[in-house]
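Examining the three-dimensional arrangement
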Amino acid sequence: ENDESLPVGLRVLSPQPILSGADIRIGVELPEGTKGRLAVYSVAGRCMAVLNEGELTRGHHEFLWSTSSGRVPFGVYYVVLSSTVWRVSRTLVVF
């Protein structure tokens, strides 16, 4: 998302790898510390996983979404990083 209200340098990085049955690594970069939530949603809006909820310090962070349970079907998902004042997302296709 390009929004002038977002802090400069705030990013959700491309998840790696994107294969079902593997742990998917999701990186975020924060220009300043904040209280926020990083979650993965299905296109239907179902929360598939909450990867972080709480304080995050400035800098680079990586989180793992474990899809090895086999309960994550192929498809399109949204990785959403949000706080009380902003929200940024990235599309993730799992195959």
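About the thresholds
- Residues numbered from 1 in each chain as written.
- Predicted model: local features only at pLDDT ≥ 70, side-chain atom pairs only at ≥ 80, totals over all residues.
- Heavy atoms only, no water.
- Helix = DSSP H or I, 4+ residues; strand = E, 2+ residues; numbered from the N terminus.
- Buried < 20%, exposed > 50% of the residue type's maximum accessible area, 1.4 Å probe, protein only.
- Contact = heavy atoms within 4.5 Å.
- Areas by Shrake-Rupley, 256 points an atom, 1.4 Å probe, with all protein chains shown as cover.
- Pairing = 2+ DSSP bridges.
- Axes fitted to C-alpha atoms, helices over the stretch in contact; angles between N-to-C directions.
- Salt bridge = Lys/Arg side-chain N within 4 Å of Asp/Glu carboxyl O.
- Patch = residues over 30% accessible without salt bridge, like charges linked within 9 Å, V, L, I, M, F, W, Y side chains within 5 Å.
- Core = buried A, V, L, I, M, F, W, Y, C linked by side-chain atoms within 4.5 Å.

Comments concerning the overall build of the protein chain
Across its full length, the protein chain carries 0 helices and 7 strands. Per-residue burial over the protein chain gives 39% buried out of 95 residues. Counting contacts in the protein chain only where the partners sit at least 6 residues apart, residues at least 24 apart contribute 55% of the total. Looking at the protein chain as shown, the accessible area adds up to about 5700 Å², and 49% of this sits on carbon and sulfur atoms.

A few points about the sheet that holds strand 4 (residues 47–56)
The strands making up a sheet associate through hydrogen bonds between their backbones, and the pairing can be parallel or antiparallel. Here we have 4 strands laid out as an open sheet, ordered 4-3-6-7, and antiparallel in their pairing. At either margin of the open sheet sits one strand with a lone partner, and together these are strand 4 and strand 7 (87–94). When strand polarity is set aside, the average angle formed by the axes of neighbouring strands in this sheet is 15°. In this structure, strand 3 (residues 34–42) lies alongside strand 6 (residues 75–82), joined through 6 bridges in antiparallel fashion. Within strand 6, the residue paired with Arg-37 across the bridge is Ser-82.

Examining the pattern of salt bridges
Oppositely charged side chains may form a pair once their charged atoms are brought near each other. By the definition in use, this model includes 2 salt bridges. One salt bridge in this structure joins Arg-25 and Glu-62, with 3.4 Å as the shortest N-O distance. On the criterion of sequence distance, the pair formed by Arg-25 in strand 2 (residues 23–30) and Glu-62 in strand 5 (residues 59–66) is long-range, its members being 37 residues apart. The exposure class of Arg-25 is partly exposed, given its relative accessible area of 38%. Under the relative-accessibility criterion, Glu-62 is labelled partly exposed at 48%.

Structural notes on a nonpolar patch on the surface
On the surface, a cluster of nonpolar side chains totalling about 670 Å² of accessible area is made up of Leu-19, Val-43, Phe-74, Val-76, Tyr-78, Val-93 and Phe-95. One can find Phe-95 in the segment after strand 7.

Things to note about the nonpolar core
One finds Ile-26, Leu-38, Leu-51, Trp-65 and Leu-81 to be the most contacted residues of the largest nonpolar core, which totals 21 residues. If you list the elements that add at least two residues to this core, you get strand 2, strand 3, strand 4, strand 5, strand 6 and strand 7. Tallying contributions element by element places strand 2 first for this core, with 4 residues.

Quick notes on the sheet that holds strand 1 (residues 11–12)
With respect to topology, 3 strands assemble into an open sheet ordered 1-2-5, the strand pairing being antiparallel. Of all strands in the sheet, those bounded by a partner on one side alone are strand 1 and strand 5.

What to know about the environment of Leu-92
With respect to the secondary-structure elements, Leu-92 resides in strand 7. Overall, the relative accessible area of 1% leaves Leu-92 in the buried class.

Geometric values such as these leave the question of function open.
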